Amino acid sequence: MSPAAPPLEARMAELTGRHEPFVKATVVRARRPASARPGDTALVLADGRIEGFVGGVCAEATVRAQALRTLRSGESLLLRISPEETAAGVREEGMVSVANPCLSGGELEIFLEPLRPVPRVTVVGDSPIARALTAFGPTLGYEITPTGGITADDLSGTLAVVIASHGRDEEPVLVAAVRAGVPYIGLVASPRRGAAVLAGLDLDDEQRARVRTPAGLWIGARTPGEIAVSILAEVIQVAGSRSAEAEAKAGVKAEAEEAVRTATDPVCGMTVAVADGTPYSDAGGGDRRWFCCAGCRTAYEQDPAPYAEAAAS
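Residues numbered from 1 in each chain as written. Predicted model: local features only at pLDDT ≥ 70, side-chain atom pairs only at ≥ 80, totals over all residues. Heavy atoms only, no water.

Moving on: unusual backbone geometry. Along the chain, Thr213 connects to Pro214 via a cis peptide bond; the corresponding omega equals -5 degrees. If you trace the backbone, Pro214 turns up in the loop between strand S12 (211-212) and helix H7 (224-249). Notably, His166 is not glycine yet its phi reads approximately 55 degrees, a positive angle. Within the secondary structure, His166 sits in the loop between strand S10 (158-163) and helix H4 (170-179). (Helix = DSSP H or I, 4+ residues; strand = E, 2+ residues; numbered from the N terminus.)

Where charged atoms from two side chains of opposite charge come close, those side chains can pair. Counting across every chain of the model gives 14 salt bridges. One salt bridge connects Arg11 with Glu14, and the closest N-O pair in it is separated by 3.2 Å. Residue Arg11 and its partner Glu14 are located together in helix H1 (residues 5-17), separated by three residues, close to a single helical turn. Accessibility expressed as a relative area gives 16% for Arg11, which makes it buried. A relative accessible area of 37% means that Glu14 is categorised as partly exposed. The partner of Asp205 in a salt bridge is Arg208, with the nearest N and O atoms 3.1 Å apart. Residue Asp205 and its partner Arg208 are located together in helix H6 (residues 205-208), separated by three residues, close to a single helical turn. Judged by relative accessible area, which is 62%, Asp205 ranks as exposed. (Salt bridge = Lys/Arg side-chain N within 4 Å of Asp/Glu carboxyl O. Buried < 20%, exposed > 50% of the residue type's maximum accessible area, 1.4 Å probe, protein only.)

No statement about biological role is implied by the geometric values presented.
Laid out in structure tokens, this is it:
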């Protein structure tokens, strides 16, 4: 195992505990000459930062761009990086091959595994419905947190809050959840009691409308277990709608790569992700230029004119 593995394992546990998405990149094959070796591992964070080692700066630039795409799509990918032009654009199911002219002549295959946060659902109360939600939620892959009460500070990264406490401490929890911007807020109550609770909240009409009461989709549920299923179904519905709305607002197209902004290194011609940690330069006037490594940036800044002329031709 690589010497860097233990700290990376601890870092993965830290990111997972904080509900932060990242991509685990592992070298599975290396053809010499290459600085990376099978088993070398790095983490690519959502802002493009890379922690660990899967090759030099040129390989990192390609890994960063492809990893951010897998983080968006949620699908694992085998990335083949080769200096050969014939490798460019080769795609198969679960695999993409990218030509990287900066490599020293070797070739790398790197497995990219996106690790996105498990949806967190907070259940307030100890009623039969609350206990059923706690029992069923993990089956859907949700992290269910039962609690007697919450504040806004407890709600970071929370997908849903369901209040099933039968009138106990409902108001402060509802206000905290609304003000924290939790996507789904459900109050288990009859229509009449739910309306009365909402009317007494220190919120405006638009904020009150974000609370779903009675919580759950109408499926004719009667038992606590059936009501819990109807609530989780509504959480799934809201989560799906939220993802679609976020993509629409961002102008995301069907293909995941459209979600990642890229640029072409004017020196070597490599495609790089525009992200934190990517070298750039404002030399030469015009638009900002992005580079795979500091070496290409230095070459550009020494004389930008030839590269500007090549781009214009």
